[in-house]
Amino acid sequence: MTGQTDYIDDDITDVILNGSKYERLRVRRHSIFDQPIPTKLAWQSALLLALALVAPITLAYPSAVAALFPGGDPLSSSPTVLMPGALVLLLELGTAVGHVAVAGAILRGESTLSERRMRQLLSAEEMASFYGFVGGALLLGITLGFFLLGFSGVETLQQYSTAGKQGPFDPSGTELSVATVSLLSFVASGVLFAVSRYLAVKLN
């Protein structure tokens, strides 16, 4: 534990001594979202990769559970339970754009930015991080939780489809399919990871 704390302290000290003005302001804010932007983008990439698992999960369902999906085909269907996952995709992409925009502003003219402007950029970055990691992680947990519920059997799922209520695998009323959300999440995950590695070099 002491070794890990010393490592963190050394890392912060290195940033204060050798980092840019923006990085020095970042580590002094003592925020729970004070990680570098490339690190945050890499984490968002991991969240989207986890979301992409909805398609493999449905492919592993027993046939009786798969039959509960609209049309009996989980991949091409648009169940209600997919909607939080669609929000995760939009939320992570939106907040990633915010992170990249802040990084772009720093790369374009850090030397000319005032300290006030840098603090504004840090605030915008922290807001994006909050929505991306708190809101995104919560919605992702709900999505994967309900999809994994499919392995509990038909009897359990039918308890969530009582009379007059919509079940988790009932049609959502949209054209957004499980396969589409999974594929888009996988592609977006790869793009965000590539961007994170690029910015890690540029911001270094």
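As the structure is a prediction and not an experimental result, all values here were calculated from the model.

A. Structural view of the overall build of the chain. Secondary structure summary: the chain contains 9 helices and 0 strands in total. Moving toward the C terminus, one meets the helices and strands of the chain in the order α-α-α-α-α-α-α-α-α. Counted over contacts in the chain with a minimum sequence separation of 6, partners at least 24 positions apart contribute 81%.

B. Representation of the nonpolar core in the model. Core analysis: the biggest nonpolar cluster contains 41 residues, and Tyr22, Leu51, Tyr61, Leu121, Leu140, Phe147 and Phe169 have the highest contact counts within it. Secondary-structure elements contributing two or more residues to this core are helix 2 (21-28), helix 3 (37-51), helix 4 (54-59), helix 6 (82-109), helix 7 (115-148), helix 8 (154-158) and helix 9 (178-202). With 8 residues, helix 6 is the largest single contributor of residues to this core. With residues up to four places along the chain from it excluded, the contact list for Phe147 reads Val54, Ile57, Thr58, Tyr61, Phe69, Val81, Leu82 and Val178.

C. Quick peek at the side chain of Gln44. Examined against the element boundaries, Gln44 turns out to sit in helix 3. Residue contacts for Gln44: discarding those within four places in its chain leaves Glu92, Thr95, Ala96, His99, Gly132, Phe133 and Leu192.

D. Region of interest: the packing of aromatic side chains. A complete count under the given rule lists 5 aromatic pairs for this structure. Lying across the ring of Phe193, Arg197 places its NZ or CZ 5.5 Å from the centre.

E. Quick peek at the packing of helix 2 against helix 7. At a closest axis distance of 10 Å, the pairing of helix 2 and helix 7 adopts a crossing angle of 55°. One finds that helix 2 runs oblique with respect to helix 7. The handedness of the crossing between helix 2 and helix 7 is right-handed. Across the interface between the two elements, Lys21, Tyr22, Leu25 and Arg26 of helix 2 pack against Glu115, Met118, Arg119, Leu121, Leu122 and Glu125 of helix 7. Across the contact of helix 2 with helix 7, the residue classes tally to 5 nonpolar, no polar and 5 charged.

F. Quick peek at the pattern of salt bridges. A complete count under the given rule lists 2 salt bridges for this structure. The salt bridge involving Glu125 is made with Lys40; its shortest N-O contact spans 2.7 Å. Residue Glu125 is located in helix 7, and its partner Lys40 is located in helix 3; the two are separated by 85 residues in the primary sequence. By the burial criterion, Glu125 is buried, and Lys40 matches it. Linking Glu115 and Arg119 is a salt bridge whose minimum nitrogen-to-oxygen distance equals 2.8 Å. On the criterion of helical spacing, the pair formed by Glu115 and Arg119 is a turn pair, its members being 4 residues apart in helix 7. Look at Arg119 and you get partly exposed, because its relative accessible area is 36%.

G. Looking closely at the packing of helix 6 against helix 9. Packing of helix 6 against helix 9 brings their axes to within 11 Å, and their N-to-C directions diverge by 20°. In terms of orientation, helix 6 and helix 9 fall into the roughly parallel class. The two elements helix 6 and helix 9 meet at a crossing, and its hand is left-handed. Contact residues: Leu82, Gly85, Leu89, Leu93, Ala96, Val100, Ala103 and Leu107 in helix 6; Val178, Val181, Leu184, Ser185, Ala188, Leu192, Val195, Leu199 and Lys202 in helix 9. Partitioned by chemical class, the residues of the contact of helix 6 with helix 9 number 14 nonpolar, 2 polar and 1 charged.

How each quantity is defined
- Numbering of residues starts from 1 in every chain and runs along the sequence as written.
- Residues qualify for local features only when their pLDDT is at least 70, as the model is predicted, and side-chain atom pairs are given and counted only at 80 or more; totals for whole chains, interfaces and linings, by contrast, use all residues.
- Heavy atoms from the whole structure form the basis of all side-chain values; hydrogens and water molecules are not counted.
- Numbering of helices and strands starts at the N terminus; helices are DSSP runs of H or I of at least 4 residues and strands are runs of E of at least 2.
- By the convention used here, residues are in contact when the closest approach between their heavy atoms is within 4.5 Å.
- In this text, buried Ala, Val, Leu, Ile, Met, Phe, Trp, Tyr and Cys residues form a nonpolar core when linked through side-chain atoms within 4.5 Å.
- A simple rule labels every residue: compare its accessible area, found with a 1.4 Å probe on the protein chains alone, to the largest value its type can have, and call it buried under 20%, exposed over 50%, or partly exposed in between.
- Note on aromatic pairs: the rings of Phe, Tyr and Trp (six-membered ring only in Trp) are paired at centre separations within 6.5 Å, and the planes decide the class, stacked below 30 degrees, edge-to-face beyond 60, tilted for the rest.
- Only when the NZ atom of a Lys or the CZ atom of an Arg is both within 6 Å of the ring centre and within 35 degrees of the ring normal do we say a charge sits over the ring.
- For helices, the axis comes from a line fit to the C-alpha atoms of the stretch in contact; other axes are also lines fit to C-alpha atoms, and the angle between any two N-to-C directions lies between 0 and 180 degrees.
- Note on angle classes: values under 35 degrees are labelled roughly parallel, values over 145 roughly antiparallel, values of 65 to 115 roughly perpendicular, and the remainder oblique.
- Definitions for this section: a left-handed crossing has its near helix turned counterclockwise from the far helix by less than a right angle. A right-handed crossing has that turn clockwise.
- Each residue gets one label: Ala, Val, Leu, Ile, Met, Phe, Trp, Tyr, Cys and Pro are nonpolar, Asp, Glu, Lys and Arg are charged, and the others, such as Gly, are polar.
- Throughout this description, the term salt bridge denotes a Lys or Arg side-chain nitrogen within 4 Å of a carboxyl oxygen of Asp or Glu.

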